[in-house]
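What follows is the residue order along each chain.
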Amino acid sequence: MTALCTMKYLCQAARNESRYAKRFFGTLLPQTAQKWLFSPFWIVVPDPRKSAVFELTHPYCTGEKSHAQPKSKAAFGSVGRRIPYRILHVINQDGESLGNMHRAEALRLMDEHGLKLVLLQENVEPPVYRLMTGQQIHEEQLKRAEKKKASPKQGVVQKELSFSSAIAKNDLETKTKQIAQWIDKRHHVKVTIRQAKGSSTDMFMLFDQILETVSEKATYLSKPKVAREGVSTCIFRHMSDKELKEHQKMEIKKNNTVKKDENQDLKSNELHQ
């Protein structure tokens, strides 16, 4: 009788352990395998002649954290035919809105006119695409690259200075000294020149004149350009160590050439005398 009761309890214990194990692993299996490691377990069917054996070790976390890769922003350009959205807001190559349409209709327009679809805004409903020519895409890429290049890098201070094209010589020298001091501190310096009324001074020549004064340490980050009518701007930056070495080599070469020419002129004058 005692043996039968013992057998009954062993069978019941084995069934309970089996049920708990199924529940336990049923909640763990959907989780990421890289985070959880399991030790083997065994369930042995009870036998009248043997004791039931059940061994299960608890899972442990490896402590590794999943680092989700940030979604990188796609470069500006044609998306081809890879459009994940069903409805789009389309703008034609002239910048006019064509309204919302199915992507199949947008692709049909693209093929008919030999254009390319470019994603402009993705975080709106519906996303905005534009039909553009290859030349338009190239020009826009150049503009964006120039804008990115001109924008100050993280941790770089950008100073700003503005004056009129009718600036006096002494005032210009003072401004140039200020620019040189900022350049020494590795700051970027944005210079804006306004065309004075009735002045015929070439603003680009003023930029070059400033650069010539600080040429031993500075160069253009953004070359002089017309920002709007009557206003031109540029950005100066400190030269890198490599650029400084190249500049020094060029200056030495230039000075040697000048000395050589002067010596030849002296010899020529002596012969004529």
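Residues numbered from 1 in each chain as written. Predicted model: local features only at pLDDT ≥ 70, side-chain atom pairs only at ≥ 80, totals over all residues. Heavy atoms only, no water.

Trainee: Would you mind going over the overall build of the chain with me for this structure?
Mentor: Counting its secondary structure elements, the chain contains six helices and twelve strands. Restricting to contacts in the chain with at least 6 residues of sequence separation, those with at least 24 account for 56%. For the chain, the accessible area works out to roughly 20600 Å², and carbon and sulfur atoms hold 52% of it. (Helix = DSSP H or I, 4+ residues; strand = E, 2+ residues; numbered from the N terminus. Contact = heavy atoms within 4.5 Å. Areas by Shrake-Rupley, 256 points an atom, 1.4 Å probe, with all protein chains shown as cover.)

Trainee: How do you make sense of the sheet that holds strand 9 (residues 158-164) when you look at a structure like this?
Mentor: Two orientations exist for strands paired in a sheet by backbone hydrogen bonds: parallel and antiparallel. A sheet is described by the order of its strands in space; here four strands give the open sequence 9-10-12-11, paired in mixed fashion. Every other strand in the sheet has two partners, leaving strand 9 and strand 11 (218-228) as the edge strands with one partner each. Averaged over all neighbouring strand pairs, the angle between strand axes comes to 20 degrees, with direction disregarded. Direction of pairing for strand 9 relative to strand 10 (residues 188-194): parallel, over a ladder of seven bridges. By the bridge assignment, Gln158 is partnered in strand 10 with His188. (Pairing = 2+ DSSP bridges. Axes fitted to C-alpha atoms, helices over the stretch in contact; angles between N-to-C directions.)

Trainee: What is the right way to read unusual backbone geometry from this model?
Mentor: Trans is the prevailing form of peptide bonds, just as negative phi is the prevailing case for residues other than glycine. The omega torsion of the bond from Glu125 to Pro126 falls at -5 degrees, within 30 degrees of zero and hence cis. If you trace the backbone, Pro126 turns up in the loop between strand 7 (116-121) and strand 8 (128-132).

Keep in mind that these numbers describe shape and distance, not what the molecule does.
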